[in-house]
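Observations on chain architecture
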Amino acid sequence: MVKEDNSNVLDMFLKIGLDEKTAKNTLANNKVTTNLTAVIHEAAVTDGCDRAVGNLLYTVATKFPANALNHRPTLLQYILSTKIRNPVQLEAAFAFLSATVSENLKVHDFEEACGVGVEVSKDDIERSVNEVFEEKKNNILEQRYRTNVGELFAHVRKKLPWADPKVVKEVIDLELYKLLGERTAADNEKPVKKKKEKPAKTEDKAKAVEETPAPKQSEEELNPYLIFPSPEENYKVHTEVYFSDRPVLRVCNSKELLEKHLKVTGGKVQTRFPPEPNGYLHIGHAKAMFVDFGLAKERGGGCYLRFDDTNPEAEKKEYIDHIKEIVGWMGWEPFKITYTSDYFQDLYELAVELIRRGHAYVDHQTPDEVKEYREKKMNSPWRDRPIEESLRLFDEMKRGMIDEGKATLRMKQDMQNDNVNMYDLIAYRIKFTPHPHAGDKWCIYPSYDYAHCIVDSLENITHSLCTLEFETRRASYYWLLDALSLYQPFVWEYSRLNVSNTVMSKRKLNRLVTDKWVDGWDDPRLMTLAGLRRRGVTSTAINAFVRGIGITRSDCSMIQLSRLEYHIREELNKTAARTLVVLNPLKVVITNLEAGLVMDLDAKKWPEAPADDTLSFYKVPFSRVVYIDRTDFRLKDSKDYYGLAPGKSVLLRYAYPIKCTDVILADDKETVLEIRAEYDPSKTIKPKGVLHWVAEPSPGADPLKVEVRLFDRLFRSENPAELDDWLGDLNPESKVVIQNAYAVPSVRTAALGDRFQFERLGYFAVDKDSTSEKLVFNRTVTLRDSYAKGGK
């Protein structure tokens, strides 16, 4: 495409409905300008279009998934035909296309995923808004114009996911006016504002232009936490627990319990992030942190970092220290750090109370017997033993008078229930193992099913958020809190984060580490957060990836690894300084350059560096001996080849054109030992090919040697966890080590964690294995998604 001048491009942007400020800011960003211009031409709307269509085209230009470019023309046709007409449908389209890497698009599935053909009339919207207002009427009348409109919006969107956000907002505003009338002086009083925390300063040397503002998004898109209710609404029925032998239990907080809770918390949101310290955190935990810490931060509350340390045999101080450190690295600050073991005495006393109320008993079945009886839905022989007998035996368990495996405390739930998580779950078991945090005080330890919900209540958690596999445990969670007359948090489950070509199970990760299939918990091939950090991935890129996925309850999707890589590239493109490194050096002698001459040339750290900004340039030596990558030379040229070949010219980036005049071969007449070339000091030759290179810094001296580690997907299959022989699916080329790559001298001062773009090669970060004698670089990600078209 012929490059258009700025005035024509600006005019084209205005014609599709961008306001002047947005259009001009877009023009200042070369990348967005290129993308938007391409989209406008591809959509054939260079003469203009409707503003609503134009805003959607802008979003396509700024947010379209890079791994699905072959489907972009199809999406544009849906936009132009108004089959996709609002940002909600467009985001759904992005998510669908990002997961569709094949050439063939299943039209029916695509249209269903995007709500194509679903007509939501204004009458439909008004009807749903009226239903929501009826449900929330008392709260709206109390809060008046301070009502959280975003929450109302979210409730309507749940009913009508494909409704036009603008129309929904208009109808809500109108209904508020109908219900409340004109604003009063009290409504207009501004609440006392808290001082905004200043964000931590980050060096962003690459940011030469302002961020281009995107078209206005709906409140729900801007704030994914709108789906969660406020703490004062926690009086409704949480769930219904069905029994085989008694009426349905409709679990909810009493007025007294809720008022007591709100008095303690001041009505603030309190969440918890409860990792088990039995391994390193992985990218799935990044989503959990985003949900738990993010909701608390957005609502002005706090999030506990609570260690779920009920199993002393699997826990280590190493894991606890790692979790504390990685939570901070991810950008989150705990309201308080606690341990389930802090509450061991409270949990024990409540267990005694549970027995007294007739809801627990000491059992002597072996694990195999428990399994058999559960399968047959049979009661334990000890289920109906007298309360006093269970109290005495539980005390003997606590005092170490009963051997391991000879007794457990089980909750007396419902062995005939349709939900297996109501089959008299174990509350306490005996383990003569010292606890890493509590010491040797206890020889009985609570189970997760018993401790988790109680500690949530004791810590006055407002929102207990967890992944969908815990949904079936809701009944047990609320049954226990109801049985003990304790405050009940709001429980909500969201989908797990499943990423392709990796495993997320702690058990499998532990196997990979302990059996040395990888080089420790922070191996850059793992999806552990420590591994991603070592690889050079930033926490902000991970959080952007998680935010882009959203907080959903859809648990059937496999997120392509390329989607994470897209966010990594987006950030590193702005923040990683460019430099020159040659992985497989091939010697080139420039015969018409004086032997002792070394020229210092200017090279750009950033692609669009202003000529007068000296800090955006670095010096590279150019001398008689330079090295290019061996893959950039062929003995036989071809039309589609832009590298060097006999008699052919290429441009050495930031330097001069060179022409191959001779080739020195080994005795096998195939292996190239050295190339002879001449350079063009006048730069009159304009070759198409541009190569990266490194030169001798002084006559006879080798360039700086560095080690480069190239990482790829750890597993060959998209979902190795499904395979019986999952270890057999390991990618043997997931790590390739290049011992003697050549780098320019300026790289010598690089420090641990520094990130670079090695031009034409990818993004790299300095590894902890680096020494004063030799730097080691890890490849974070390639420059392009090599898997987008057919690669696996």
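Quick summary incoming for the structure in this document. Computed from a prediction, not measured in an experiment: that's the story for all the values here.

**Some words on helix α4 (residues 51-63)**
- Between its terminal C-alpha atoms α4 stretches 18 Å, which fits the 18 Å expected from 13 residues at 1.5 Å a residue.
- All of the buried residues in α4 are Val-53, Gly-54, Leu-56, Leu-57, Tyr-58, Thr-59, Val-60 and Ala-61.
- Its buried side turned inward, α4 meets α2 (20-27), α3 (30-43), α5 (72-80) and α6 (87-98).
- One side-chain oxygen at the N-terminal end of α4 lies 2.9 Å from the backbone nitrogen of Ala-52; it belongs to Asp-50.

**A word on the pattern of salt bridges**
- Evaluated as defined, the whole model comprises 50 salt bridges.
- A salt bridge links Lys-376 to Glu-372; the nearest nitrogen and oxygen atoms lie 2.9 Å apart.
- We classify Glu-372 as partly exposed; its relative accessible area is 34%.
- A salt bridge links Asp-767 to Arg-709; its shortest N-O distance comes to 3.3 Å. Residue Asp-767 is located in the loop between β26 (762-766) and β27 (775-781), and its partner Arg-709 is located in strand β23 (residues 704-711); the two are separated by 58 residues in the primary sequence. This pair shows no difference in class: Asp-767 is buried, exactly as Arg-709 is.

**What to know about the nonpolar core**
- Grouped together as the largest cluster of nonpolar side chains are 55 residues, with contacts concentrated most on Phe-622, Ile-628 and Trp-693.
- Contact partners of Phe-622, with chain neighbours within four places excluded, come to Ile-590, Leu-593, Leu-597, Val-598, Met-599, Leu-601, Leu-652, Ala-655, Tyr-656, Tyr-679, Trp-693 and Ala-695.
- Counting 51 residues, the second largest nonpolar core, distinct from the first, contains Val-291, Phe-293, Val-327 and Leu-572.

**Some points on the packing of aromatic side chains**
- Scanning the entire structure with this criterion turns up 29 aromatic pairs.
- The structure contains a cluster of three or more aromatic residues connected by ring pairs, namely Phe-344, Tyr-348, Phe-394, Tyr-428, Trp-442, Tyr-445 and Tyr-450.
- Between Arg-246 and the ring centre of Phe-243, over which it is positioned, the NZ or CZ distance is 4.1 Å.
- Above the ring of Trp-329, the side-chain terminus of Arg-533 is found at 5.4 Å from the ring centroid.

**Looking at empty space enclosed by the protein**
- For the coordinates displayed, the defined rule picks out two cavities of 30 Å³ or more.
- By volume, the largest cavity amounts to about 140 Å³.
- Lining the largest cavity are 14 residues; nearest its centre among them are Tyr-448, His-452, Phe-470, Arg-473 and Tyr-477.
- Of all elements in the fold, only α19 (448-458), β10 (463-467), α20 (474-483) and β11 (490-494) reach the threshold of two or more residues within the lining of the largest cavity.
- Counting residues per element, the lining of the largest cavity draws most heavily on α19, which supplies four residues.
- A class-by-class count of the residues in the lining of the largest cavity yields six nonpolar, three polar and five charged.
- Considered as a void within the structure, the second largest cavity measures approximately 50 Å³ in volume.
- In this structure, the second largest cavity is lined by Pro-274, Arg-306, Asp-308, Thr-310, Thr-340, Ser-447, Tyr-448, Ala-451 and His-452.
- Ranked by residues supplied to the lining of the second largest cavity, first place goes to α19 with three residues.
- Of the residues assigned to the lining of the second largest cavity, the class counts are three nonpolar, four polar and two charged.

**Structural notes on the sheet that holds strand β12 (residues 577-579)**
- Here we have seven strands laid out as an open sheet, ordered β12-β25-β26-β27-β23-β24-β13, and mixed in their pairing. If you trace the sheet from one side to the other, it starts and ends with β12 and β13 (581-582), each paired once.
- Bridge count between β12 and strand β25 (residues 755-758): three bridges; the pairing is parallel. Directly across from Ala-577, in β25, lies its bridge partner Phe-756.
- Docked against the sheet, helix α24 (residues 561-575) engages β12, β25, β26 and β27, running at close to 125° with respect to β27.

**Quick look at the environment of Thr-502**
- Checked against the element boundaries, Thr-502 lands in the loop between β11 and α21 (506-514).
- Owing to a relative accessible area of 7%, Thr-502 belongs among the buried residues under this scheme.
- In sequence terms Thr-502 and Asn-719 are 217 residues apart; their C-alpha atoms lie 7.0 Å from each other.
- Apart from residues lying up to four places away in sequence, Thr-502 is in contact with Met-527, Phe-715 and Pro-720.

**With respect to helix α23 (residues 539-549)**
- Within α23, burial applies to Ser-539, Ala-541, Ile-542, Asn-543, Phe-545, Val-546 and Ile-549.
- Its buried side turned inward, α23 meets α14 (283-298), α15 (317-329), α22 (529-535) and α24.
- Count one or two residues on from α23 and you reach Gly-550, which has phi positive near 90°.

**Points about the packing of α23 against α24**
- Packing of α23 against α24 leaves a shortest axis separation of 9 Å and a crossing angle of 130°. Accordingly, the angle class assigned to the pair α23 and α24 is oblique. Judged by the twist between their axes, the crossing of α23 over α24 is right-handed. Note on element contacts: α24 touches α23 through Arg-563, Leu-564, His-567, Ile-568 and Glu-571, opposite Thr-540, Ala-541, Ala-544, Phe-545, Gly-548 and Ile-549.
- Taken together, the residues of the contact of α23 with α24 break down into six nonpolar, three polar and two charged.

Thresholds, definitions, all that
Starting afresh in each chain, residues are numbered from 1 along the sequence in its written order. Local features in this predicted model are restricted to residues of pLDDT 70 or higher, and side-chain atom pairs are both shown and tallied only at a pLDDT of 80 or more, whereas totals for entire chains, interfaces and linings draw on every residue. Side-chain measures were taken over the full set of non-hydrogen atoms in the model, leaving aside hydrogen atoms and water. Elements are defined by DSSP. Helices are runs of H or I of four residues or more, strands are runs of E of two residues or more, and each kind is numbered from the N terminus. The length a helix should cover is 1.5 Å for every residue beyond the first. Burial here depends on accessible area, computed with a 1.4 Å probe over protein chains only, as a share of the maximum for the residue type. Under 20% is buried, over 50% is exposed, and the range in between is partly exposed. Working rule for contacts: check all heavy atoms of both residues, and any pair within 4.5 Å makes them a contact. Polar contact is defined as a pair of N or O atoms within 3.5 Å, subject to the rule that within protein one atom must be able to donate a hydrogen and the other to accept it, and that residues adjacent in sequence are counted only when both atoms are side-chain atoms. Salt bridges, as used here, are contacts in which a Lys or Arg side-chain nitrogen is within 4 Å of a carboxyl oxygen on Asp or Glu. Residue types Ala, Val, Leu, Ile, Met, Phe, Trp, Tyr and Cys, when buried and joined through side-chain atoms within 4.5 Å, form a set referred to as a nonpolar core. In this analysis, rings of Phe, Tyr and Trp, with Trp reduced to its six-membered ring, are considered paired at centre separations within 6.5 Å, and the interplanar angle assigns stacked below 30 degrees, edge-to-face beyond 60, and tilted for intermediate values. Geometrically, a charge over a ring is one whose NZ (Lys) or CZ (Arg) sits within 6 Å of the ring centre while staying within 35 degrees of the ring normal. Think of a 1 Å grid over just the protein atoms. A cavity is a set of points where a 1.4 Å probe fits yet cannot get out, a pocket is an open set with protein on both sides within 12 Å along at least five of seven lines, and lining residues have an atom within 4 Å of a point. Grid points are joined across faces, edges and corners, and a volume is the space filled by probe spheres set on the points. Each residue gets one label: Ala, Val, Leu, Ile, Met, Phe, Trp, Tyr, Cys and Pro are nonpolar, Asp, Glu, Lys and Arg are charged, and the others, such as Gly, are polar. Any two strands with at least two DSSP bridges between them are considered paired. Between N-to-C directions, angles span 0 to 180 degrees; the directions come from axes that are lines fitted to C-alpha atoms, helices contributing only their stretch in contact. Any angle from 65 to 115 degrees is called roughly perpendicular, while one under 35 is roughly parallel, one over 145 is roughly antiparallel, and all others are oblique. For any helix crossing, the convention is left-handed if the near helix is rotated counterclockwise from the far helix by under a right angle, and right-handed if that rotation is clockwise.

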